[in-house]
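Secondary and tertiary structure notes
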Amino acid sequence: MMSEISLAQQKFLLTQKRHRRTVAVSRFFIFLCFFGLWEGAARLGWIDSFFFSSPSRVLLCAYNMALDHSLFIHIGVTLFETVASFALALILAVTVTIILWFNKKISETMEPYLVILNSLPKSALAPLLIVWLGANYNTIIITGMSVAVFGSILNLYTSFQSVDPEKIKLIRTLGGTKYHILAKVVLPASIPSFFSIMKVNIGLCLVGVIIGEFISSRQGLGYLIIYGSQVFKLDWVIMSIVILCLVAWGLYSLLSRLEQNYQKRMS
């Protein structure tokens, strides 16, 4: 019986391995087809390479900017601003959510304002923040944070409210305080939602940072995009967009790996 179970497990693992390999090959094939078609269309004149660029021109542009290290400076600035706004948004969201959870009156009072602030287009706030706070890194970081923080508070508070009430009753029966309920039940139960919020927030913070760089920055990938479009250096624009995609994918993959490691420790 044990050999049959072991054989079935081996077959299942082999199937899963083949599935992951098929997905990886399919993704790489789509990647090659897209960039191959793009390069071929530019070389054959199907599209104007001045306006649409091409993979070879993007790589050449990135290589030339890497030689004088300007590319790394722009990437580093955007990456720093994104990580800083992401960290501040998480800290603020967790702090405010805990306050709302502890005091029901405050949560009921603030709920409509949080919904309104979350629905407000953050691109409309960016010019005001720059006028109020000045054109500097801090303003861009706050702009990035503002895109993610209100939605994070609402989602995290919903997660806090969805905790199994039977576990809360058990803590209270044993004489536990509200602090014990938070530390022993609510926060541990909300960790999966916390990881989901983080994976969404990292992209939102990147979007907010780029909005801020569009308006007030002299460095960063957002600056390269807006300046390149103004002077018709469209290779800069497309190169920056490609790099932004890679940065977003890398940050998301890092958070996904952290989530997987946590799940392995809990299992």
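To keep things clear, this report deals only with the structure shown in the data block. Bear in mind the structure is a predicted one, so any value in this text is a computation, not a measurement. (Residues numbered from 1 in each chain as written. Predicted model: local features only at pLDDT ≥ 70, side-chain atom pairs only at ≥ 80, totals over all residues. Heavy atoms only, no water.)

**Observations concerning the overall build of the chain**
For clarity, the cut-off: Where helices and strands are cited, they refer to DSSP runs of H or I of at least four residues and of E of at least two residues respectively, numbered from the N terminus. Throughout, radius of gyration means the C-alpha value; the globule benchmark is 2.2 Å times the number of residues raised to the power 0.38. When a residue's accessible area, from a 1.4 Å probe over protein chains only, is under 20% of the maximum for its type it is buried; when over 50% it is exposed; and in between it is partly exposed. Any two residues whose heavy atoms approach within 4.5 Å at even a single point are treated as in contact. Residues counted as positive are Lys and Arg, residues counted as negative are Asp and Glu, and His and the chain ends are not counted. Lysine's charge is taken at NZ, arginine's at CZ, aspartate's at CG and glutamate's at CD.
Helix and strand content of the chain: eleven helices and zero strands. Secondary structure of the chain in N-to-C order comes out as α-α-α-α-α-α-α-α-α-α-α. For 267 residues, the compact-globule estimate of 2.2 N^0.38 gives 18 Å, and the C-alpha radius of gyration of the chain, at 24 Å, exceeds that figure by more than 25%. With respect to the principal axes defined by its C-alpha atoms, the chain has extents near 75 × 70 × 30 Å. Burial statistics for the chain: of 267 residues in total, 36% are counted as buried. Taking the contacts inside the chain whose residues are at least 6 apart along the sequence as the reference set, 70% of them involve residues at least 24 apart. Placing the 22 positive and 12 negative side-chain charges of the chain at their respective mean positions leaves the two points 8 Å apart.

**Things to note about the layout of surface pockets**
The gaps of empty space that remain are located by a probe, the size of a water molecule, rolled over the atoms. What counts, and what does not: In this analysis the probe radius is 1.4 Å and the grid spacing 1 Å, with only protein atoms considered; a cavity is a set of points the probe fits into but cannot get out of, a pocket is an open set with protein on both sides within 12 Å along at least five of seven lines, and lining residues have an atom within 4 Å of a point. Grid points are joined across faces, edges and corners, and a volume is the space filled by probe spheres set on the points.
Taken as a whole, the largest pocket encloses approximately 640 Å³ of empty space. Considering the residues around the largest pocket, the lining is formed by 17 residues, among which Phe31, Phe35, Val242, Cys245 and Leu246 are closest to the centre. Listed by contribution, the elements that provide at least two residues to the lining of the largest pocket are helix H1 (2-43), helix H3 (55-67) and helix H11 (234-266). Ranked by the residues each element gives to the lining of the largest pocket, the list is headed by H11, at seven residues.

**So, a nonpolar patch on the surface**
Where we set the bar: A patch consists of residues exposed above 30% relative accessible area that lack any salt bridge, with like charges linked at up to 9 Å and nonpolar side chains (Val, Leu, Ile, Met, Phe, Trp, Tyr) linked at up to 5 Å. All accessibility values rest on the Shrake-Rupley procedure with a 1.4 Å probe; residue burial counts only the protein chains present in the view. Each reported salt bridge corresponds to a side-chain nitrogen of Lys or Arg within 4 Å of a carboxyl oxygen of Asp or Glu.
On the surface, a cluster of nonpolar side chains totalling about 510 Å² of accessible area is made up of Leu128, Val131, Trp132, Leu133 and Ile142. Counting residues per element, the nonpolar patch draws most heavily on helix H6 (residues 122-133), which supplies four residues. Tracing the chain through its elements places Ile142 in helix H7 (residues 137-161). What makes Ile142 partly exposed here is its relative accessible area of 30%.

**Side note on the packing of H6 against helix H9 (residues 178-216)**
Put simply, the rule reads: Inter-axis angles, ranging from 0 to 180 degrees, are taken between N-to-C directions of lines fitted to C-alpha atoms, where helices are fitted over the stretch in contact. Note on terminology: angles under 35 degrees are roughly parallel, angles over 145 are roughly antiparallel, angles of 65 to 115 are roughly perpendicular, and the others are oblique. Definitions for this section: a left-handed crossing has its near helix turned counterclockwise from the far helix by less than a right angle. A right-handed crossing has that turn clockwise. Residues were grouped as follows: Ala, Val, Leu, Ile, Met, Phe, Trp, Tyr, Cys and Pro as nonpolar; Asp, Glu, Lys and Arg as charged; and all remaining residues, including Gly, as polar.
Remark: H6 packs on H9, axes separated minimally by 10 Å, with the N-to-C direction vectors making an angle of 50 degrees. Judged by the inter-axis angle, H6 sits oblique to H9. You can see that H6 and H9 cross each other, and the crossing is right-handed. Contacts between H6 and H9 involve Ser123, Ala126, Pro127 and Ile130 on the former and, on the latter, Ile211, Gly212, Ile215 and Ser216. Counted by class, the contact of H6 with H9 contains five nonpolar, three polar and no charged residues.

**As for the packing of aromatic side chains**
Two measures describe an aromatic ring pair: the distance that separates the ring centres and the angle between the ring planes. Rules: When the centres of two rings from Phe, Tyr and Trp lie within 6.5 Å, Trp using its six-membered ring, the rings pair. Their planes under 30 degrees apart give stacked, over 60 give edge-to-face, and anything left gives tilted.
What the rule picks out here adds up to ten aromatic pairs. Here Phe50 and Phe51 contribute two aromatic rings whose centre-to-centre distance is 5.1 Å and whose plane-to-plane angle is 85 degrees, an arrangement assigned as edge-to-face. Under the relative-accessibility criterion, Phe50 is labelled partly exposed at 38%. Residue classification places Phe51 among the partly exposed positions, given a relative accessible area of 47%. With a centroid separation of 5.9 Å and 35 degrees between ring planes, the pair formed by Tyr227 and Trp236 is classed as tilted. What makes Tyr227 partly exposed here is its relative accessible area of 30%. Through a chain of ring-to-ring contacts, the aromatic side chains of Phe28, Phe31, Phe34, Phe35 and Trp38 assemble into a single cluster.

**Some points on the side chain of Ser107**
Put simply, the rule is: For the purposes of these results, a polar contact is taken to be a pair of N or O atoms within 3.5 Å, where, inside protein, one atom must be able to donate a hydrogen and its partner to accept one; residues adjacent in sequence count only when each atom of the pair is a side-chain atom.
Looking at the element boundaries, Ser107 is found in helix H5 (residues 104-119). Polar contacts involving the side chain of Ser107 include one to the main-chain carbonyl oxygen of Lys104, which spans 2.7 Å. Filtering out sequence-adjacent residues up to four positions away, Ser107 remains in contact with Leu100 and Tyr157.

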